[in-house]
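Single-letter residue listing:
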Amino acid sequence: MEAYLDNSATTRCSERAIAVMVRLLSEDYGNPSSLHGMGANAEAYLKEAKKKIAKTLKAAEKEIIFTSGGTESNNLAVFGSVKANRRAGNHIITTAIEHASIAQPMQQLEEMGFRVTYLPVDSFGTVRLDALKEALDEDTILVSMMHVNNEIGTIEPLEAVSALIRQKAPQALFHVDAIQSYGKLPVIPKKLDIDLLSASGHKIHGPKGIGFLYIRDKTKIKPILYGGGQQKGMRSGTENVPAIAALGEAAAECSQSLAANAEAMYGLREYFIEEVVKIPGVTINGKTGKESAPHIISVSAEDVRSEVLLHSLEEKGIYVSAGSACSSNKPSVSQTLTAIGLRKELLDATVRFSFCRDTTKEEVEYALAALAEIIPFRRKFTRK
């Protein structure tokens, strides 16, 4: 049996997304900038995808910019907004648990002379609102924060964050990294007073190499790529029409059954948690219930290294990540687990299980049975 439980790293592309992508690669393959009929057909696919995505956000079509994925969306949001608003201030706020595609741009901005505040989080990974309130000032031009933490699944209180920004620093832009929440939880930018929102295709059963950035109308932001002036100059480069159309299909599919899919994943998540903590020495990081995302579970197994557990599960056809998949191949300590104050001995003893709408109870039960066998066995070799 195989159990793919690494859906926060990437999901299987849906049949609808694959079908439209193949058609555009083999039949309707025109360049949307071309003036002939095939170019017009390609442009029509772009407009349709934009329409579908905008509908999921209750946004205007002109507020959607296509990118190469979540990393580019985050970089465009951060560097683009800072370039456009530098004269207004020099202060940026983010959190101590952001993905590398936010954390590393922040480091770059610090090297460029910007003042960056990294907000602390509590033991569950929830941002400290008192720290945000204290940090906001007249020099703040951007607050960037993830909606759902990619390692432990914490849902950040965006509504409260937004209210504080508008109260204390109304001039600041609010960017949300929704890469782990879009397509799984409702997120309406205008309702939450969000200026910029990033999403990625391969997290929602679309292809890799495609994403989008929502940019609220009249938001001051400059491009970071220059060239042919596509997408009204905001993101130059010939549009990846096959992937964009597939992303539109994937977004529409997720939106059609968002609540039902979330309920199903919450059910599997709670069942998994109830059972896995019965294994001695196993703990869960982050919140349980609906205060956390429905698809992410962070599991620490005392005295069992995460890499060892990951490969032991792989031998049984069970696929998981050691923390964030983007950094699983690097010998680095998780900033998220460090920020929540996880015990030192558990920092390298933690793996992430992540579900999707296609995850079955049989897969979960198979993984649980494997964990109940592997963890006690591996622990024998590490305890003295």
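A few words on the pairing of strand β4 (residues 115-119). Summarising the sheet, strand β3 (residues 91-95) and β4 pair through five bridges and their orientation is parallel. What sits directly across from Ile 92, in β4, is Val 116. For the crossover that starts at β3, traverses helix α4 (residues 100-111) and ends in the parallel β4, the hand is right-handed.

You can see Lys 287 is positioned in the loop between β9 (282-285) and β10 (296-301). Taking the relative accessible area as the measure of exposure, Lys 287 reaches 17% and is therefore buried. Between the alpha carbons of Lys 287 and Gly 153 there is a distance of 7.8 Å; along the sequence they are 134 residues apart. In contact with Lys 287, other than residues within four places in its own chain, are Phe 124, Thr 126, Arg 269 and Ser 292. Side chain to side chain, Lys 287 and Thr 126 meet in a polar contact 3.2 Å long.

Here we come to the side chain of Ser 354. Following the sequence through the fold, Ser 354 ends up in strand β12 (residues 350-354). In contact with Ser 354, not counting residues within four places along its chain, are Leu 5, Asp 6, Asn 7, Ser 8, His 295 and Ile 296.

This part is about the packing of helix α3 (residues 70-85) against α4. One way to put it is that α3 packs onto α4 with a least axis distance of 9 Å and a crossing angle of 30°. Judged by the angle between their axes, α3 and α4 are roughly parallel. Between α3 and α4 lies a crossing whose hand is right-handed. Residues Thr 71, Asn 74, Asn 75, Val 78, Phe 79 and Val 82 of α3 touch α4, and the partners they reach there are Ser 101, Ile 102, Pro 105, Met 106, Gln 108 and Leu 109.

Moving on, we come to the nonpolar core. Counting 52 residues, the largest nonpolar core has Phe 174, Tyr 182, Leu 197 and Phe 212 as the members making the most contacts within it. Counting residues per element, this core draws most heavily on helix α8 (residues 241-256), which supplies nine residues. Sequence-distant contacts of Tyr 182, that is, excluding residues within four places in its chain, are made with Ile 53, Thr 56, Leu 57, Val 187, Ala 199, Ile 204, Phe 212 and Ala 251. Core analysis: the second largest hydrophobic core is formed by 29 residues, Val 304, Leu 313, Phe 355 and Leu 371 among them.

Quick notes on the rules
- Residues numbered from 1 in each chain as written.
- Predicted model: local features only at pLDDT ≥ 70, side-chain atom pairs only at ≥ 80, totals over all residues.
- Heavy atoms only, no water.
- Pairing = 2+ DSSP bridges.
- Helix = DSSP H or I, 4+ residues; strand = E, 2+ residues; numbered from the N terminus.
- Right-handed = clockwise from strand over helix to strand, strands pointing away.
- Buried < 20%, exposed > 50% of the residue type's maximum accessible area, 1.4 Å probe, protein only.
- Contact = heavy atoms within 4.5 Å.
- Polar contact = N/O pair within 3.5 Å; in protein donor to acceptor, adjacent residues only side chain to side chain.
- Axes fitted to C-alpha atoms, helices over the stretch in contact; angles between N-to-C directions.
- Parallel < 35°, antiparallel > 145°, perpendicular 65-115°, else oblique.
- Left-handed = near helix turned anticlockwise from the far one by under 90°.
- Core = buried A, V, L, I, M, F, W, Y, C linked by side-chain atoms within 4.5 Å.

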